[in-house]
There are 2 protein chains.
Amino acid sequence: MNNKEKLRKAGLRPTKQRMIIADILLDGVNRHFTAENLQNEINASGNSMSIATIYNCLKNFRNCGLIKQVESSKDTAIFDTNINQHHHFLDEETGELIDIENDEVNLRKLPKIPQGYLNNGVEVLIKIKKQI
Amino acid sequence: MNNKEKLRKAGLRPTKQRMIIADILLDGVNRHFTAENLQNEINASGNSMSIATIYNCLKNFRNCGLIKQVESSKDTAIFDTNINQHHHFLDEETGELIDIENDEVNLRKLPKIPQGYLNNGVEVLIKIKKQI
DNA sequence: CAAGTAGTTTAGAACGATTTTAAAGTAAAA
DNA sequence: TTTTACTTTAAAATCGTTCTAAACTACTTG
Ligand SMILES: [Mn+2]
Ligand SMILES: [Mn+2]
Ligand SMILES: [Zn+2]
Ligand SMILES: [Zn+2]
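Figured I'd write up the structure that's included with this text. Owing to the predicted nature of the structure, the values given are computational and were not obtained by experimental measurement.

**Things to note about the environment of S50 of chain A**
With respect to the secondary-structure elements, S50 of chain A resides in the loop between helix 3 (35-44) and helix 4 (51-63). When the C-alpha atoms of S50 of chain A and N82 of chain A are compared, they prove to be 25 Å apart, with 32 residues separating the residues in sequence.

**With respect to the pattern of salt bridges**
In the structure shown here, the tally under the stated rule is eight salt bridges over all chains. Here R31 of chain A and E41 of chain A are joined by a salt bridge, their closest N and O atoms 3.0 Å apart. One end of the pair, R31 of chain A, is in the loop between helix 2 (16-25) and strand 1 (32-33); the other, E41 of chain A, is in helix 3, with 10 residues separating them in the sequence. By relative accessible area, which is 17% here, R31 of chain A ends up buried. In this structure, the salt-bridge partner of E92 of chain B is K127 of chain B, at a minimum N-O distance of 3.7 Å. Separated by 35 residues along the polypeptide, E92 of chain B in the loop between strand 4 (86-91) and strand 5 (97-101) and K127 of chain B in strand 7 (residues 117-130) bring together distant segments of the chain. Judged by relative accessible area, E92 of chain B falls into the partly exposed class, the value being 42%. You can call K127 of chain B buried: its relative accessible area is 10%. Linked through salt bridges whose partners overlap, the residues forming this network are D27, R31 and E41 of chain A.

**Quick notes on the protein's contact with DNA strand C**
Taken together, 18 residues lie near DNA strand C, and T15, R18 and T53 of chain A together with Y55 and A77 of chain B sit nearest. Of what DNA strand C places within 4 Å of the protein, 88% of the atoms are sugar or phosphate. Between a sugar or linking oxygen of DNA strand C and a main-chain N or O atom of D75 of chain B, the distance comes to 3.5 Å. Elements that contribute at least two residues to the surface near DNA strand C include exactly helix 2 and helix 4 of chain A together with helix 4 (51-63) of chain B. Taken together, the residues of the surface near DNA strand C sort by class into six nonpolar, six polar and six charged.

**Some words on the sheet that holds strand 5 of chain B**
Across a sheet, strands are paired by hydrogen bonds formed along the backbone, either parallel or antiparallel in direction. What the six strands build is an open sheet, ordered 5(A)-4(A)-7(A)-7(B)-4(B)-5(B); its pairing is mixed. One side of each edge strand has no neighbouring strand; the edge strands of this open sheet are strand 5 (97-101) of chain A together with strand 5 of chain B. Across the sheet, the mean angle separating the axes of adjacent strands is 30° when strand polarity is ignored. The pairing of strand 7 (residues 117-130) of chain A with strand 7 of chain B spans 11 bridges and is classified as antiparallel. By the bridge assignment for strand 7 of chain B, I126 of chain A is matched with V122 of chain B.

**Quick notes on the interface of chain A and chain B**
Listed by partner, the interface residues are 40 residues for chain A and 40 residues for chain B. Together, E71, Y117 and K127 of chain A form the three largest contributors to the area buried by chain A at its contact with chain B, with a combined 17%. Across the chain A-chain B interface, the total number found is two salt bridges. Its salt-bridge partner being K127 of chain A, residue E123 of chain B comes within 2.7 Å of it at the nearest N-O pair. Elements supplying a minimum of two residues to the side of chain A that touches chain B: strand 4 (86-91), strand 5, strand 6 (106-109) and strand 7 of chain A. Grouping the amino acids of the side of chain A that touches chain B by side-chain chemistry returns 18 nonpolar, nine polar and 13 charged. Direction of pairing for strand 6 of chain A relative to strand 6 (residues 106-109) of chain B: antiparallel, over a ladder of three bridges. Looking at the pairing, L107 of chain A lines up with L107 of chain B of strand 6 of chain B.

**What to know about helix 2 of chain A**
Residues and elements named next belong to chain A. Most of helix 2 sits inside the fold, with seven of its 10 residues counted as buried. Residues R18, M19, I20, I21, A22, I24 and L25 constitute the buried set of helix 2. Contact partners of the buried residues in helix 2: helix 1 (3-9), strand 1, helix 3 and helix 4.

**Looking at the pairing of strand 5 of chain A**
All names here are of chain A. Direction of pairing for strand 4 relative to strand 5: antiparallel, over a ladder of five bridges. Within strand 5, the residue paired with H87 across the bridge is I100. Between strand 4 and the antiparallel strand that follows it, strand 5, lie five residues; G95 among them carries a positive phi value of about 85°.

Calculation criteria
- Residues numbered from 1 in each chain as written.
- Chains lettered and ligands numbered in written order.
- Predicted model: local features only at pLDDT ≥ 70, side-chain atom pairs only at ≥ 80, totals over all residues.
- Heavy atoms only, no water.
- Helix = DSSP H or I, 4+ residues; strand = E, 2+ residues; numbered from the N terminus.
- Salt bridge = Lys/Arg side-chain N within 4 Å of Asp/Glu carboxyl O.
- Buried < 20%, exposed > 50% of the residue type's maximum accessible area, 1.4 Å probe, protein only.
- Near = heavy atom within 4 Å.
- Polar contact = N/O pair within 3.5 Å; in protein donor to acceptor, adjacent residues only side chain to side chain.
- Nonpolar A, V, L, I, M, F, W, Y, C, P; charged D, E, K, R; others polar.
- Pairing = 2+ DSSP bridges.
- Axes fitted to C-alpha atoms, helices over the stretch in contact; angles between N-to-C directions.
- Contact = heavy atoms within 4.5 Å.
- Buried area = accessible area lost by both parts, 1.4 Å probe.

Written out as structure tokens, the structure reads:
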């Protein structure tokens, strides 16, 4: 399926701007990035785009499930092109995230989900620190 | 150990402002809160404090290990008085966090820590959604 | 296709959380 | 007590993100 079809299937009009971003993000390579990172890639590709459009687009892509947003205590939002359920290593010093594929983690015991709620995904975060 | 001793042991001068905050946060009750939540509690206790001081203090407390900061994709920092290793349920709709004690989770299999790094803590996040 | 309309992009303003500034105040050391 | 280093503060600044409203574009309908 090409990017135009992916956007249509997600319910998004394939505008010029969304296609530029889809060409960068939906190439099958998993990456973690910020809005500013993406703007730099857009510029490097010979295009340019308003930062408002980039934020709009990231929010739309996220809401449609084309990308995910990572839980992070940094003050800049971090997005993830790996939309499969997976886990992360986090170097808290640098903020670097490394993917852990879902089958590399196995949970033996999980707590009971609170009354009235459904399990909507389990994420494991392994904080790591550079050896001295 | 009283709060003055806790601050001293953490390497922080027990100033009036730090004592007011310690009296609220270090009472043994586990809670998740923002800087604004804390300012409201300070006001409710009949005191008042500059928001800059509150942020300074939260950063100091966190750096000394008296409190923790939660990984969160919300745009407001969330702190946690539960400094034991533990896990969370997260209702993504409301942002509500619920503690999961460490012994309620058991990991059968963990990935190899990347070369040159040390494991610095494992956190499990269970996203939950209100049943319809 | 032509016209209509609903959705999108944009620059710039606005916003909200957090940090910085620099001056006044306080705790600990000498 | 005097000195020194650290802390608090109000206000300004910063920075990521969202809003505004006007121009633009994709899709629909005839
Ligand atoms: Mn955050
Ligand atoms: Mn922010
Ligand atoms: Zn990832
Ligand atoms: Zn907690």
